[in-house]
Amino acid sequence: MLQYARWKYILVAVVLLLALLFALPNFFGEDPALQVARKDHSAVTTDAAKELEAFLKERSLHTGQSYIDSGRLMVRFASVADQLAARDAVNEKYAGTYITALSFAPRTPEFLRALGLRPMPLGLDLRGGLYLLYQVDVNAAVAQALEGYAQDARRALAAAKIPVKDLSTVALEGDGRPNAVRVVLAPEADAGAARTALGQALQGLTISTDTLPSGATITGLMTTAQIRERQDYAIQQNITTLRNRVNELGVSEPIVQRQGIDRINVQLPGVQNSAEVKDILGRVATLEFRLEDMQNNALEAAQTGRAPLGSKLYMHTRFGRPVLLKREVIATGDQLTNATSGQSQEGPAVNIKLDARAGEAMLKTTQANLNKRMAVVLIEKRRETTEVDGKKVTRDVTDEEVINDATIRGVFSNQFQITGLGASEARELALLLRSGSLATGIYSIEERAVGPSLGRENIQKGVTALIVGMAGVFLFMAIYYRTFGLVADLVLLANVVLLTALLSMMRASLSLPGIAGIILTVGMAVDANVLIYERIREEIRKGVTPQAAIRAGFEKALSAITDSNITTLIAGVVLWVLGTGPIKGFAIVLTLGIITSMFTALMGSRALLTLMYGGRRKIARLSIG
Amino acid sequence: MEFFSHQTSFPFMATRKVWYALSAILVIVSLVSFFTRGLNLAIDFTGGVSAEVNFTRAADVDAVRAQLTAAGFHEPEVQIFGSSRDIAIRLPPDAKQTATEVRSRLEGALKSVDAGAQVVQLDIVGPQVGNELRVSAIWALFFTLFFIFLYIAWRFHTWRLSLGAILAVLHDPILVIGFFSITQTPFDLAVVAAILAVIGYSLNDTVVVFDRIRERFETNRRSAPATVLDESINQTLSRTIMTKVVTSIVVVALLFLGGSVLKGFSEALLIGIIAGTYSSIYISSAIALDCGLTAEHVFPTVKKAALDQLP
């Protein structure tokens with residue numbers, strides 16, 4: 001007699017029904033779509049959505065059903081041609097209001113979407129797009145913080161009129177990175193008063209007093225926890241800036257996330273022009289407004305390579321001739337409150353707004369220097385690695401470029417225009433300025449770009465391999481094990497559904513190695529069935545009754561099944577923990593696949609076989625090949 | 001349908017010297033190749049640039065190479081792959097250039113050969129990332145082997161079986177690495193993932209065979225160990241081959257239909273599966289026998305001894 005507890009039937013049925021529901025959104029495919037978001041980040045209203053749709057209908061573009069998802073309007077299109085035409089139309093008409101991004105809208109029915117069920121997101125290798133890994137210079141952030149403390153200390157001591165022999169940031173740990181501010185007092189200084197004066201300036205640091213041969217010293221130490229906190233802050237600030245810049249680019253479903261201690265990974269699906277994007281994302285840019293030195297000849301200075309006192313020579317300019325600028329900076333990029341691109345009588349322009357302090361300085365300068373020239377210097381930081389004596393030496397390089405040099409036509413304070421740029425240049429510069437300069441330097445250390453056609457090809461290949469591989473396995477099992485083989489096929493199918501459901505629930509993005517993992521899972525999941533069926537065959541050969549053979553098959557194969565799966569599970573988990581990107585995707589699929597296959601092979605197939613051969617019926621022989 | 005209509009009785013143990021020799025030769029060839037020729041490491045590990053470019057007409061490889069050299073790239077590797085309009089470019093790491101510069105110079109050089117050239121895929125990996133990926137791949141291998149050894153030591157009670165399993169586990173990835181070294185097939189991150197999967201998966205058969213050995217020893221304490229091992233392998237042979245054939249079906253589908261991205265990955269899996277099947281049938285049990293495995297080791301008569309051997 002063959003029996004199976006009722007609760008186990010129920011468990012199997014419930015799990016599989018839920019799995020089917022969660023996996024369902026993956027089978028509807030996608031439509032080309034246009035994502036429309038408001039430039040000011042507020043949500044798109046239903047009225048605005050209706051207006052946009054009416055506008056597109058007017059242009060006789062075939063829109064499908066549209067919907068608003070987290071404040072952004074998604075409009076579907078019947079074809080990619082319509083999608084592209086719609087983007088151009090919207091960009092042209094609503095340039096100031098909306099940002100558009102090409103996207104895909106899943107064809108998931110409304111009731112599934114209402115339940116929050118979504119298909120697995122596709123990885124960049126399947127969708128096409130750009131992957132960037134940035135290194136954040138967290139140590140610079142720490143050094144910057146220490147420098148701030150040092151400045152405060154200097155000011156406090158000067159205010160208290162305490163003579164100082166030396167005041168600098170020092171490295172008190174072996175790694176040679178500064179982690180403390182050290183003040184060496186002059187012999188005549190009052191150490192107690194100095195300490196009181198420094199209490200406020202070095203607040204938060206661990207202060208210690210000491211007498212070294214060089215004199216009495218006061219040291220403010222940044223603890224490891226404080227350093228870590230400062231580094232975390234730098235990363236967070238960079239992530240926020242990168243997110244803003246990415247949003248400005250109008251990419252649909254971008255990912256900006258921290259990776260490890262000091263890295264940020266950025267994934268931009270569908271982005272094709274990586275050069276422009278990278279340029280905008282990776283730039284640590286700030287501006288300086290300076291007056292031009294009109295008394296001296298820049299060409300002469302360029303020939304001798306020496307700038308007159310009080311001026312600085314800039315060889316690198318957008319307009320191709322060297323220029324001499326006054327050393328005093330009128331305003332800097334961090335005093336900028338807004339920058340937008342627009343049109344002026346002289347062509348494309350960037351409208352700039354400064355904060356009050358910079359506005360004041362600008363007012364004074366322009367009053368005194370009417371009809372003289374003022375230049376804008378774009379300062380960008382990047383990292384350069386060179387080989388010295390076989391060792392790689394990395395250093396930070398600052399590129400300074402004079403991007404604009406114009407006559408001061410009128411007195412202005414905190415609002416003015418920069419002209420003389422191309423249309424795309426103006427747009428890019430405004431974007432760069434507006435999204436804020438990055439807190440500390442970031443450097444792209446890895447870049448992977450996949451064209452959209454390659455993405456489609458990869459999906460096609462992956463899906464074809466999946467279908468052919470599964471069909472091969474199904475056919476082989478059916479021939480080899482007859483009815484039992486068909487049972488195994490059903491169980492395998494249930495396994496794939498369960499795996500898809502789990503991956504969809506986890507919102508783990510599917511990559512090509514992930515698809516390979518699913519295919520491999522199908523191949524490996526058969527093993528559990530084979531172990532059981534071979535056992536059943538052996539029992540039958542021994543002359544046991546069919547039902548007893550089934551029971552014995554399941555019971556005796558159990559230890560071999562768990563044992564043999566555990567080893568693969570070990571490899572899967574290690575890869576999950578240590579792997580990154582697509583490899584992690586493969587590991588997730590492999591690990592989950594082993595778990596789901598054990599469930600379906602042990603519980604699912606047992607339930608099915610008991611339904612077929614259970615009860616008190618007499619069965620002459622099993623159809624097991 | 002069955003592969004073997006009757007219970008087979010191949011004399012695996014009696015012929016084991018032959019299989020040892022075969023394995024030894026393959027392992028030695030693999031190791032020699034690995035240490036002399038090394039691996040054709042992909043840019044995942046070396047850093048550098050890898051690009052796939054689609055031309056509007058048949059690509060002139062020499063012209064592309066010349067233009068790339070003129071653009072200041074050292075030793076560009078240019079190859080035709082797929083159709084004659086598709087080329088693959090590989091450039092060694094150049095620490096002096098940022099990714100953006102590399103891209104614009106690369107595109108410039110390509111456009112001068114064919115104005116309609118399109119960069120379909122571009123990977124730029126900094127030397128630093130390459131180093132880290134190499135280190136993390138080695139750690140992944142190390143951890144996987146470590147945990148599997150731990151598992152084996154706990155699972156098989158006697159070191160004789162453990163040693164057999166460990167040698168079989170080491171055997172398979174060595175042959176896979178040997179294959180990649182001899183053929184100089186590009187060795188990328190996906191191949192490492194495949195090797196880890198192989199390490200886990202190849203043990204699978206050994207575990208099933210050993211499971212059966214334990215069971216047989218329990219029922220036939222008097223039989224000669226060699227006979228018990230032979231019987232155990234023969235009894236599980238149908239399952240071993242069946243499982244591997246089915247897995248091979250999907251891996252072959254991946255190999256031929258999965259495209260270039262998954263080629264190395266599926267090759268590593270296929271070779272690993274073949275090596276794994278071979279080692280679990282011919283090697284792992286034979287080693288246990290040569291270490292003097294008897295029923296006593298698996299099921300000691302004195303209960304106390306059994307407790308002592310548990311971890």
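If you're wondering where the values come from, they're calculated on a predicted model, not measured in any experiment. (Residues numbered from 1 in each chain as written. Chains lettered and ligands numbered in written order. Predicted model: local features only at pLDDT ≥ 70, side-chain atom pairs only at ≥ 80, totals over all residues.)

Visitor: What should I look at first to understand the overall build of chain B in this one?
Guide: When its secondary structure is counted, chain B shows eleven helices and four strands. Relative to the globule expectation of 19 Å for 311 residues, the C-alpha radius of gyration of chain B, 25 Å, shows a markedly less compact shape. Taking the principal axes of the C-alpha coordinates as reference, chain B spans close to 80 × 45 × 25 Å. Buried residues in chain B amount to 48% of all 311 residues. (Helix = DSSP H or I, 4+ residues; strand = E, 2+ residues; numbered from the N terminus. Rg over C-alpha atoms; globule rule 2.2 N^0.38 Å. Buried ≥ 20, exposed ≤ 12 C-beta atoms within 10 Å, placed from the backbone.)

Visitor: Mind showing me how you'd approach the sheet that holds strand E6 (residues 164–170) of chain A here?
Guide: Strand pairs in the sheet, formed through backbone hydrogen bonds, run parallel or antiparallel to each other. Residues and elements named next belong to chain A. Strand order in the open sheet formed by four strands is E6-E7-E9-E8, with antiparallel pairing between adjacent strands. The open sheet has two edge strands with one neighbour each: E6 and strand E8 (206–212). With strand direction ignored, the average angle separating the axes of adjacent strands in the sheet is 15°. Here strand E7 (residues 180–185) runs beside strand E9 (residues 215–221); their pairing, made up of five bridges, is antiparallel. Across the sheet, Arg182 pairs through a bridge with Thr219, a residue of E9. In this fold helix H6 (residues 138–159) packs onto E6, E7 and E9, with an angle of close to 165° to the strand it touches most, E6. Lying on the sheet, helix H7 (residues 191–201) is in contact with E7, E8 and E9; it crosses E9 at an angle near 20°. (Pairing = 2+ DSSP bridges. Axes fitted to C-alpha atoms, helices over the stretch in contact; angles between N-to-C directions. Contact = placed C-beta atoms within 7 Å.)

Visitor: Any chance you could explain the domain arrangement of chain B here in plain terms?
Guide: Think of interface size as the accessible area that goes away when the parts come together; that is how it is often given. On domain assignment, one finds that chain B holds domain 1 (16–41 + 130–309) and domain 2 (48–124). Inter-centroid distance (C-alpha atoms) of domain 1 of chain B to domain 2 of chain B is 41 Å. (Domains from an automatic or database assignment.)

Visitor: Can you help me understand the domain arrangement of chain A in this one?
Guide: The domain architecture assigned to chain A consists of domain 1 (6–24 + 452–613), domain 2 (30–106), domain 3 (139–227) and domain 4 (284–423). The distance between the C-alpha centroids of domain 2 of chain A and domain 3 of chain A comes to 57 Å.

Visitor: Help me understand the interface of chain B and chain A, please; the structure alone is not making it clear to me.
Guide: On the side of chain A, 65 residues touch chain B, which itself brings 58 residues to the contact. Only helix H4 (99–113), strand E4 (118–125), helix H5 (127–155), helix H7 (189–219) and helix H8 (225–257) of chain B provide two or more residues apiece to the side of chain B that touches chain A. Sort the elements by how many residues they give to the side of chain B that touches chain A and H7(B) lands first, with 13 residues. Class assignment for the residues of the side of chain B that touches chain A results in 36 nonpolar, 15 polar and seven charged. Relative to E4(B), strand E20 (residues 442–450) of chain A runs antiparallel, the two being bridged by five bridges. Considered in E4(B), the bridge of A:Ala449 is made with B:Leu122. (Nonpolar A, V, L, I, M, F, W, Y, C, P; charged D, E, K, R; others polar.)

Visitor: It is not clear to me how the packing of H6(A) against H7(A) should be interpreted in this structure. Could you clarify?
Guide: Two measures define how a pair of helices packs: the angle their axes make with one another and the distance between the axes. Residue and element names in this part refer to chain A. Across the interface, H6 lies against H7 with an axial gap of 9 Å and an inter-helix angle of 140°. Classified by the angle between their axes, H6 and H7 sit oblique to one another. Crossing of H6 over H7 shows right-handed handedness. Seen from H6, the contacting residues are Tyr149, Asp152, Ala153, Ala156 and Leu157; seen from H7, they are Ala194, Ala197, Leu198, Gln200 and Ala201. Considering only residue class, the contact of H6 with H7 consists of eight nonpolar, one polar and one charged. (Parallel < 35°, antiparallel > 145°, perpendicular 65-115°, else oblique. Left-handed = near helix turned anticlockwise from the far one by under 90°.)

Visitor: Can you help me understand the nonpolar core in this one?
Guide: Across soluble globular proteins, you tend to see nonpolar side chains buried next to one another. Counting residues in hydrophobic clusters, the biggest one holds 234 residues, and the most contacted among them are A:Val473, A:Ile519, B:Ala193, B:Ala194, B:Leu196 and B:Ala197. Of the residues forming this core, the biggest block, 21 residues, is contributed by helix H13 (residues 452–506) of chain A. Counting 31 residues, the second-largest nonpolar core is a separate cluster that includes A:Leu287, A:Phe289, A:Ala301 and A:Ile408. (Core = buried A, V, L, I, M, F, W, Y, C linked by C-beta atoms within 7 Å.)

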